[in-house]
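The lines below spell out each chain.
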Amino acid sequence: MPGDRPLDVQLSRRHVLQWGAGAALLGLTAACARNENTEAAIGPDSPQVRTFAEAESRRFPGGRPVAYELTAAQSDVDLAGTRTAAWLYNTQLPGPVVRANVGDRVQVRCRNQLPDPTTVHWHGLAIRNDMDGVPDVTQAPIPAGDEFVYDFIPPDPGTYWYHTHGDLQRGRGLYGALIVDDPAAPANYDAEFVVVLSDWLTDRTPTQVFDELRGGRMASMPDMTSAALGGDAGDVRYPVYLVNGRTPADPVVFTARAGQRARIRLINAGDDTAFRVALGGHRLTVTDTDGFPVEPVDTDSVLIGMGERYDAVVTLQDGVFPLVAVAEGKGAQGFAVVRTGGGAAPAPTVMPAELTAPPLTVADLQATEAARLPVLDPAVTLEASLGGDMNAYSWTVNGQAYPDHTPLTVHSDQRVRLVYTNKTMMWHPMHLHGHTFAVARMDGSGPRKDTVIVLPGQTVAADIDTTNPGQWITHCHNDYHLAAGMATIFSYVD
Ligand SMILES: [Cu+2]
């Protein structure tokens, strides 16, 4: 199959900007920096970003105004009768579904009632750079007690999500689904299940866990391994795994009628957990990943890394069925129920037969013709070498731990190949902001993605058309790896 063809990756010497000696140019300050060749980073406040935003407004003249409010605040959450401290949007876990049409003018007022600064990132959307929600890269973080209005136009339909980009804040509960509809494309399904998967700490905060990881105090943890992930499955074993903020003991129930076609929108909002997802008694027809369509392919289960999304369509049988999200390699699972008829719900520990065969991965997918990027030789090839190790709990890109970084510089209107090479013993779900790349293949069949699993020792190349000027972070979507530094900046320069 096309995904198995070796990719002939030609690495060229990366053009490294010569920043001034001793200058630790990070984030917003980079917008003002110039190198010897007077190449200036195109910052979020640049005229190029305004020009992009104006062009998007002209491209979607009929966009409706759509307004949301997200209040981020400390709140307790009730998990099967046990109250746990959390940080939530609008006191909900997950946060409310944000939904709009392609081309709408979306305005989201984020009120920060947390004790710390925060931001909101609109994961997967190619929107104007100054609304991307990355602290000190695209905006100053929203101070505690303050607010910020995000104002953007979603350019592509599909399944996305939003989450805080503050340090280790996401695992406290600051995430939700973001669905973009295309009014010109008729829905070919009768029911829709939005499924937000997450891992959940009950007795510690992500910051405490991170400190333990850094201090090497989790060394006694039993191994968590997965063949599908090429080794270590994760760094943290969680007390519970959630589906739409609910524990297996108190599962969410999706209802529909037998014979209906249901669209299942899977979103992995976890910090450190890949999920292997199956619906008992059904095969899944995968139709989209990361918001973009693929040639439909049938499978028993899918493997979904943190930050990824998969959409699948099923024709529902008559009865009650388990929707199981196995925490890959961790010996536990999230659980929900799909009900079209009478009968007792299955036990939350049920292991449907559909989980036996290897899960579908990105290698099994091809972009639809309409979703493909044209086959072009890249004008620029950039390397992102993923380094680090579990013992030191150091995670790096090109040998640097973010915020230390050397930007990966590009110009507008180029085909760029960004090559992620995993030199560690652990898998990393690598995410690029502001773009949906094509997983590079010789024949151009690679699916469009914004987050892609890179297995230990593997090289995955992302083909990118540079049509969205600004400063864009690319990082591992394991939130502990990001906190340790596995990130760099994909930087448009003039
Ligand atoms: Cu990682």
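Each chain carries its own residue numbering, running from 1 in the written order of its sequence. In keeping with the predicted nature of the model, local features appear solely for residues at pLDDT of at least 70, side-chain atom pairs appear and are counted solely at 80 or more, and the whole-chain, interface and lining totals rest on all residues. Hydrogens and waters are ignored; side-chain quantities use all the structure's heavy atoms.

1. Remarks on the sheet that holds strand β7 (residues 158–164)
Pairs of strands are assigned from DSSP output, requiring at least two bridges between the strands. A helix here means a DSSP run of H or I that spans at least four residues, while a strand means a run of E at least two residues long, and both kinds are numbered starting from the N terminus. Taken together, the four strands give an open sheet; going across it, the order is β3-β8-β7-β5, and neighbouring strands pair in mixed fashion. For this open sheet the edge positions go to β3 (98–101) and β5 (120–123), each flanked by a neighbour on one side alone. Strand-to-strand twist across the sheet, computed as the mean angle between neighbouring axes with direction ignored, equals 20°. Lines fitted to the C-alpha atoms define the axes, with helices restricted to the stretch that makes contact. Angles between their N-to-C directions range from 0 to 180 degrees.

2. Examining the UniProt feature "domain: Plastocyanin-like" (unreviewed entry) in the chain
UniProt positions are given in the numbering used here, feature names are shortened, and annotations may be inferred rather than shown by experiment. Following the UniProt record, the feature "domain: Plastocyanin-like" (unreviewed entry) maps to residues 77–184, 192–328 and 386–490 here. Between the C-alpha atoms that bound residues 77–184 there is a distance of 39 Å. The span itself is 0% helix and 44% strand. Annotated as 6% helix and 48% strand, the span residues 386–490 places its first and last C-alpha atoms 15 Å apart.

3. Topic: the domain arrangement of the chain
Partitioning the chain into structural domains gives domain 1 (2–40 + 370–492), domain 2 (59–181) and domain 3 (191–365). Contact with domain 1, which involves 30 residues of that partner, is made by 33 residues of domain 3. A 1.4 Å probe defines the accessible area here, and the buried area is the portion of it lost by two parts on being joined, summed over both. Between domain 1 and domain 3, the buried area comes to about 2600 Å², and carbon and sulfur atoms account for 57% of it. The rule for a salt bridge is simple: a side-chain nitrogen of Lys or Arg has to be within 4 Å of a carboxyl oxygen of Asp or Glu. Counting across the interface, domain 1 meets domain 3 through three salt bridges. Notably, a salt bridge pairs Glu308 with Lys449, separated by 2.7 Å at the nearest N-O pair. Any N or O atom pair separated by 3.5 Å or less is treated as a polar contact, with the protein-specific requirement of one donor-capable and one acceptor-capable atom, and with residues adjacent in sequence counted only for side-chain atom pairs. Along the contact surface separating domain 1 from domain 3 lie 14 residue pairs in polar contact (both at pLDDT 80 or more). Looking at the side of domain 1 that touches domain 3, the elements that each hand over two or more residues are β23 (394–397), β28 (448–449), β29 (451–454) and α3 (479–484). Ranked by residue count, the leading element in the side of domain 1 that touches domain 3 is α3, at five residues. Domain segmentation is taken from an automatic or database assignment of domains. Note on definitions: a residue-residue contact is assigned when non-hydrogen atoms from the two residues lie within 4.5 Å.

4. Some words on the coordination of the copper ion
Donor atoms are limited to N, O and S found within 2.8 Å of the metal ion, a distance that becomes 3.2 Å for Na, K and Ca. With water left out, some sites might look partial. Protein coordination of the copper ion is provided by His428 (ND1), Cys476 (SG) and His481 (ND1), with donor distances spanning 2.0 Å. Each donor residue of the copper ion lies on one chain, and together they are spaced H-x47-C-x4-H. Of the two residues, His428 is situated in strand β26 (residues 428–432) and His481 in helix α3; the sequence distance between them amounts to 53 residues. Think of it in three bands: residues with accessible area under 20% of the maximum for their type are buried, residues over 50% are exposed, and the middle band is partly exposed, with areas taken using a 1.4 Å probe on protein chains only. For His428, a relative accessible area of 0% gives the class buried. Since its relative accessible area comes to 0%, His481 is described here as buried.

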